[in-house]
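Each chain is listed here by its residues.
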Amino acid sequence: MLSLVFLCARRLVSHRPAARRALDLLPAELYPVLFQAAFLDGRTLTLRDIVGTWPFPVLSFRRLLGHRDRHPLLGEKPSKLGVQAVILAVVAHLRRALEESGSGTSERRCRLRLLDMTGLQDADADRGPEGMSLWSGTVALAKACVEVSKHRNECLKRGSKRRKGPSGASAAPQPLGVEIRADLFVNGTSFGILRDALQTGAAGPLHLKCRDFHAEELSVAGTVGLLESLEPSGVRRVDLRFNNLGLAGLCAVLPHLARFPDLLSLKLPYSNVDVRRLAAGTDAGLRCLAAQLGRLPCLKELNMGSSRLSGKLRQLLGDLQAPLASLELAFCYLLPGDLAFLSQSLHAPALRKLDLSGHDFSENLLQSLRRLLEEASASLLHLDLMECRLTDARLEALLPALCRCSRLRCLGLFGNPLSTPGLKTLLRKTAVLPDLRLVVYPYPVDCYNREPPRPPSGRLFDDAVDEERFAAVNAELCRMLASSGRADAVWTTSLYRHGALDYFSL
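Residues numbered from 1 in each chain as written. Predicted model: local features only at pLDDT ≥ 70, side-chain atom pairs only at ≥ 80, totals over all residues. Heavy atoms only, no water.

A. Region of interest: the nonpolar core. Counting residues in hydrophobic clusters, the biggest one holds 145 residues, and the most contacted among them are Phe 35 and Phe 213. The element best represented in this core is helix H6 (residues 80-103), accounting for nine residues. When neighbours within four sequence positions are excluded, Phe 213 is seen to be in contact with Leu 184, Val 186, Leu 226, Leu 227, Leu 230, Arg 237, Val 238, Asp 239 and Leu 240. (Core = buried A, V, L, I, M, F, W, Y, C linked by side-chain atoms within 4.5 Å. Buried < 20%, exposed > 50% of the residue type's maximum accessible area, 1.4 Å probe, protein only. Helix = DSSP H or I, 4+ residues; strand = E, 2+ residues; numbered from the N terminus. Contact = heavy atoms within 4.5 Å.)

B. Layout of the pattern of salt bridges. Applying the stated criterion to the full structure yields 27 salt bridges. Glu 99 is paired through a salt bridge with Arg 158; the nearest N and O atoms lie 3.2 Å apart. Taken together, the positions of Glu 99 in helix H6 and Arg 158 in helix H7 (residues 134-162) put the pair 59 residues apart, joining distant regions of the chain. We classify Glu 99 as partly exposed; its relative accessible area is 36%. Of the charged contacts, one joins Arg 389 and Asp 360 as a salt bridge, the two residues approaching to 3.4 Å between their closest N and O atoms. In this pair, Arg 389 sits in the loop between strand S10 (382-384) and helix H15 (392-402) while Asp 360 sits in the loop between strand S9 (353-355) and helix H14 (363-376), placing the two residues 29 residues apart along the sequence. A relative accessible area of 32% places Arg 389 in the partly exposed class. (Salt bridge = Lys/Arg side-chain N within 4 Å of Asp/Glu carboxyl O.)

C. Seen up close, helix H8 (residues 191-200). Every buried residue of H8 is listed here: Leu 194, Ala 197 and Leu 198. An end-on view of H8 places all buried positions within 95° of arc, on one side of the element. (Arc of directions from axis to C-beta.)

D. Inspection of the pairing of strand S4 (residues 206-216) at higher detail. Of all the eleven residues making up S4, eleven are buried; the element is thus mostly covered by neighbouring parts of the structure. In this structure, strand S3 (residues 178-186) lies alongside S4, joined through eight bridges in parallel fashion. Its bridge partner lying in S4, Val 178 is registered against Leu 206. One crossover worth recording links S3 to the parallel S4 by way of H8, and it is right-handed. Of the strand pairs in this sheet, S4 and strand S5 (residues 237-241) are connected by five bridges, and their pairing is parallel. (Pairing = 2+ DSSP bridges. Right-handed = clockwise from strand over helix to strand, strands pointing away.)

E. Highlighting the packing of helix H1 (residues 4-13) against helix H3 (residues 31-40). Where H1 meets H3, the axes come as close as 8 Å, and the angle between the chain directions of the two elements is 60°. Relative to H3, the element H1 lies oblique. In terms of crossing hand, the pair formed by H1 and H3 is right-handed. Residue-level inspection shows Val 5, Phe 6, Ala 9, Arg 10, Leu 12 and Val 13 of H1 in contact with H3, the latter providing Val 33, Leu 34, Gln 36, Ala 37, Ala 38 and Leu 40. Its residues assigned to classes, the contact of H1 with H3 comprises ten nonpolar, one polar and one charged. (Axes fitted to C-alpha atoms, helices over the stretch in contact; angles between N-to-C directions. Parallel < 35°, antiparallel > 145°, perpendicular 65-115°, else oblique. Left-handed = near helix turned anticlockwise from the far one by under 90°. Nonpolar A, V, L, I, M, F, W, Y, C, P; charged D, E, K, R; others polar.)

Nothing here speaks to function; it is all geometry.
In structure tokens:
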């Protein structure tokens with residue numbers, strides 16, 4: 001339910017002239033609710049006025065609007081126009097401050113020193129035409145940094161002509177700057193503008209500071225250049241995907257990660273690593289990669305998805321200084337020995353998130369998985385076993401170990417050839433897990449109009465599903481959840497909902 005204060009703020013921001021006059025009279029305590037009303041209702045001009053006179057040193061999107069998954073008004077996507085309005089207001093404020101510094105006057109009302117935009121967008125989410133993606137947000141911030149830096153240089157040139165200090169240098173006072181904390185996403189298209197922003201903004205009035213860094217399809221040199229341009233403190237995640245780096249490229253990039261003292265998460269999926277190749281230097285490259293991982297003392301999350309690591313997991317993780325809390329090894333062609341090592345390692349009892357999707361859990365590998373789940377049962381919150389060729393019989397053999405994971409919250413089983421009876425058995429057995437709130441299950445094989453795809457693809461497509469039969473199965477699962485007192489749990493075939501889960505939200 002909306003508060004009376006919010007409803008009054010919504011009415012005020014709907015009329016810009018009145019809102020502009022009111023900003024001179026209203027107490028600072030009302031600015032947050034005015035910001036919320038203007039942002040959520042798309043009052044972009046009024047929003048710029050509010051930010052331009054912001055009376056606090058910090059403006060945090062998360063504090064004002066909450067997380068996008070939990071705020072009832074923000075919805076699934078931040079407004080592109082709203083985010084752009086905030087950025088433009090900060091740029092306008094700094095431009096005014098620069099002009100005032102050059103003229104010796106000061107009418108500054110805005111006290112903003114830190115704009116926190118972290119957590120506003122997802123790198124993987126499709127935001128649609130009205131939403132702002134992480135990539136477009138990064139470009140907008142980078143362009144703003146470059147614009148303010150250029151304007152500062154122009155003001156300094158003009159000021160140096162008008163007045164000189166005793167040493168002959170410009171004596172114009174420098175305006176106070178604004179730091180922007182944000183998650184950044186860069187690819188080949190946006191590489192140039194982000195590089196310029198990081199280099200020119202390091203000592204400029206608008207300073208860009210990264211929390212989560214995502215880079216896609218960049219060269220080794222480009223990746224290293226951007227990593228070296230980031231301020232070391234505050235970087236908690238580096239995500240390098242589809243960069244085709246290979247072992248040699250990873251060994252060239254990873255030494256530059258040691259400069260980030262707060263790095264907790266490293267994601268390196270689709271890096272073109274295949275230890276099965278008999279190429280010269282493979283063993284040396286793997287030893288180098290393991291040594292570099294060992295130089296990241298705070299590392300808690302590692303994603304090596306789609307790397308072929310058969311028989312080499314012990315060597316890869318052997319130099320880590322502390323146990324991992326999240327390990328993603330989807331489609332890594334692991335062998336029973338790899339899972340046996342993992343179940344005996346320091347990581348198993350600390351794992352909160354585990355992704356072993358894309359493995360064929362036949363009898364040998366299934367036995368190793370059972371042991372691993374038993375070792376991780378006290379800590380495991382999130383388990384992904386998608387496209388693992390789990391049949392009803394194999395899943396039933398796994399259920400005793402799975403049900404020992406008493407803290408499990410999320411279970412991903414999409415893409416496995418399970419039947420309706422198999423899903424019902426899974427629901428009945430896992431109903432005892434009190435925290436299990438999300439299960440992403442596959443379309444039952446008996447709900448297909450034709451025979452479902454066979455391995456190795458294992459991909460089950462929506463267009464082959466008999467919608468009437470599936471609706472009946474879904475309704476029956478919902479009835480079973482309700483009758484077992486678990487109506488709070490979500491059973492879904494939606495991968496979009498599943499993709500929103502993240503290690504830092506567990």
